[in-house]
Amino acid sequence: MTTPKIRAARAGVAERAVESRHLRRVWGLPGTALGAVAWPVDWPGRLHVRFGYWWQAHLLDCVLDAQLRAPSPARAALVRRLVRGIRVRNLVGWVNDYYDDVAWLGLALLRAEREVGLARPKALATIADRLRGGWTDHGGGGIWWKRHDDFKNVPANGPAAILFARLGDRADLGRARSIVDWIEDALVDGETGLLWDGLHVHPDGTVREIEKNFYTYCQGVALGACVELGSAAYRDKAARIITAVDEHLAADGVLRGHGGGDGGLFGGILARYLAQAALRLDRPEAARAADLVFRSADALWANRAAVVSGPLFGPDWSEPAKEPRPGRPERDLSVQLGGWMALEAAALLERNGITPTER
């Protein structure tokens, strides 16, 4: 039986490990920080040749999770350094051509404002305007995955809907509902209740092809949007997603892995929003969501590898992590952030008095 507060301690250990191995200044500039995208860090990593825009947004989110778990001036200062580092390294402003990237940074910046008082109103306005302009009627609605592309997917639309719901004015709440309604109309698998990845459209707006892949990422962001919207109809959709995840994307209650690279973040994203559902969903499925978080975080921890500066996590939480040799996903910042996110999600439930149930 896990002792009280041990999950907070685990999250703290993960935080220190990721920061000690990955954090670097941007080109030596004071007051900046970013996460090197791989460890051990080579010279391209030290110079942030590869950026990983949306990985950095999740790094910022993880530090904000840690600040809520154990507030300190040092963490608040790190939030400021990361925000400055993202802006410096992005070169051209706050946005890029990928709507999902932009939405994730918007969510992290909004949290930074609300939780540590670091306001970047012009950045948030730029991001929100970019996302508002991404909606078209092609394929029945939704926001594009990328500018000047033919693909609309849940990974872009889900975080945009969460951001619009959190911004909270009437027009943006309407946008959030429209996005979730489009996802439900266009991308729900009737057999499992899971969300497909996305769809390609012809220039005339008709659907050319549906990408019928099931990713934990998709389920997580759709779940998060439904929880944010909060009405009975959206709570019902959230409950369906939790049940579908438990039945189809978790083995013995442990969330499925999706490898390294961007896939390293997928499980952590789902764990984050399962925790939110467990706290805010007035449905029996809330306990199911909490159990998925606890079982996944416990498996992740049990299968960690011991390396310099602390634990190292693998891309599949049900299997032992391996040494971070070249070509292995354990090197990726994304994989380590995904694990840290899951541990912070479990710690959040722990400090709110939620415990695992016997299954």
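The structure under discussion appears in the preceding block.
Residues numbered from 1 in each chain as written. Predicted model: local features only at pLDDT ≥ 70, side-chain atom pairs only at ≥ 80, totals over all residues. Heavy atoms only, no water.

Undergrad: It is not clear to me how the pattern of salt bridges should be interpreted in this structure. Could you clarify?
TA: Between side chains of opposite charge, pairing is possible as soon as their charged atoms come close. A full pass over the atoms with the stated rule returns 25 salt bridges. With its nearest N and O atoms 2.9 Å apart, the salt bridge here joins Arg 7 to Asp 298. Of this pair, Arg 7 sits in helix α1 (residues 6-22) while Asp 298 is found in helix α12 (residues 285-302), placing the two residues 291 residues apart along the sequence. Its relative accessible area of 25% is what places Asp 298 among the partly exposed residues. Measuring nitrogen to oxygen at the nearest pair gives 3.7 Å for the salt bridge that ties Glu 209 to Arg 208. A single salt-bridge network, built from bridges that share partners, covers Asp 61, Asp 65, Arg 111, Glu 115 and Arg 272. (Salt bridge = Lys/Arg side-chain N within 4 Å of Asp/Glu carboxyl O. Helix = DSSP H or I, 4+ residues; strand = E, 2+ residues; numbered from the N terminus. Buried < 20%, exposed > 50% of the residue type's maximum accessible area, 1.4 Å probe, protein only.)

Undergrad: Looking at this model, I keep getting lost on the pairing of strand β4 (residues 198-201). Mind explaining?
TA: Regular strands have side chains that alternate between both faces of the sheet. Burial along β4 is two-sided: Gly 198 and His 200 facing one way and Leu 199 and Val 201 facing the other are all buried. Here strand β3 (residues 151-153) runs beside β4; their pairing, made up of three bridges, is antiparallel. Looking at β4, one finds that Lys 152 is bridged to Leu 199. Summarising the sheet, β4 and strand β5 (residues 207-211) pair through four bridges and their orientation is antiparallel. Paired with His 200 across the strands is Glu 209, a residue of β5. Linking two consecutive strands that pair antiparallel, namely β4 and β5, is a turn of five residues; a positive phi of about 95° is found at Gly 205 within it. (Pairing = 2+ DSSP bridges.)

Undergrad: Would you take a moment to explain the environment of Gly 139 for this structure?
TA: Structurally, Gly 139 is set in the loop between α6 (121-132) and β3. It is 40 Å that separates the C-alpha atoms of Gly 139 and Arg 81, two residues lying 58 residues apart in sequence. If near-sequence neighbours (up to four positions away) are discounted, Gly 139 is found in contact with Trp 182, Leu 199, Val 201, Gly 205 and Val 207. (Contact = heavy atoms within 4.5 Å.)

Undergrad: Mind showing me how you'd approach the packing of helix α9 (residues 216-229) against helix α10 (residues 232-248) here?
TA: Relative to each other, α9 and α10 sit at 155°, their axes nearing to 8 Å. Judged by the inter-axis angle, α9 sits roughly antiparallel to α10. Crossing geometry of α9 relative to α10 is assigned as left-handed. Along the contact surface, α9 presents Gln 219, Ala 222, Leu 223, Cys 226, Val 227 and Leu 229, while α10 presents Tyr 234, Lys 237, Ala 238, Ile 241, Ile 242 and Val 245. Split into classes, the residues belonging to the contact of α9 with α10 amount to ten nonpolar, one polar and one charged. (Axes fitted to C-alpha atoms, helices over the stretch in contact; angles between N-to-C directions. Parallel < 35°, antiparallel > 145°, perpendicular 65-115°, else oblique. Left-handed = near helix turned anticlockwise from the far one by under 90°. Nonpolar A, V, L, I, M, F, W, Y, C, P; charged D, E, K, R; others polar.)

Undergrad: Teacher, can you tell me more about the packing of aromatic side chains here?
TA: What describes a pair of aromatic rings is the distance from one ring centre to the other and the angle between the planes of the rings. Following the criterion strictly, the structure yields seven aromatic pairs and no others. Their ring planes at 75° and their centres at 6.0 Å tell us that Phe 51 and Tyr 53 sit as a pair that is edge-to-face. The residues Phe 51 and Tyr 53 share a single accessibility class, namely buried. Measuring from centroid to centroid gives 6.1 Å for Trp 145 and Phe 151, while their planes differ by 80°, and the two rings are edge-to-face. For Phe 151, a relative accessible area of 8% puts it in the buried group. Within the aromatic cluster, the residues linked to one another by ring pairs are Trp 54, Trp 104, Tyr 215, Tyr 217 and Phe 266. Sitting above the plane of the Trp 39 ring, Arg 21 keeps its charged end 5.0 Å from the centroid. (Phe/Tyr/Trp six-rings, centres within 6.5 Å; stacked < 30°, edge-to-face > 60°. Lys NZ or Arg CZ within 6 Å of the ring centre and 35° of its normal.)

Undergrad: Would you mind showing me how to read α9 here?
TA: The α-helix advances 3.6 residues per turn, and as a result positions three or four apart in sequence lie on the same side. Across its 14 residues, α9 extends 20 Å between first and last C-alpha, which sits within 8% of the 20 Å expected from 1.5 Å per residue. Along α9, 14 of the 14 residues are buried, which leaves the element largely enclosed by surrounding structure. Two residues or fewer past α9, Gly 230 is found with a positive phi of approximately 80°. (Expected span 1.5 Å × (residues − 1).)

Undergrad: Would you take a moment to explain helix α8 (residues 170-186) for this structure?
TA: Along its 17 residues, α8 runs 24 Å from first to last C-alpha, staying within 8% of the 24 Å computed at 1.5 Å per residue. Buried within α8 are the following residues: Asp 172, Ala 176, Ile 179, Val 180, Trp 182, Ile 183, Glu 184 and Ala 186. The N-terminus of α8 is capped by Asp 169, whose side-chain oxygen sits 3.1 Å from the backbone nitrogen of Ala 171. (Polar contact = N/O pair within 3.5 Å; in protein donor to acceptor, adjacent residues only side chain to side chain.)

Undergrad: Just checking my understanding: could you explain the environment of Arg 80 for this structure?
TA: Considering the arrangement of structural elements, one finds Arg 80 in helix α4 (residues 73-90). The partly exposed category is assigned to Arg 80, whose relative accessible area is 43%. Taking the C-alpha atoms as reference points, Arg 80 and His 148, 68 residues apart in sequence, are found 33 Å from one another. In this structure, Arg 80 is in contact with Gly 31, Val 116, Gly 117 and Leu 118, ignoring residues within four places of it in sequence.

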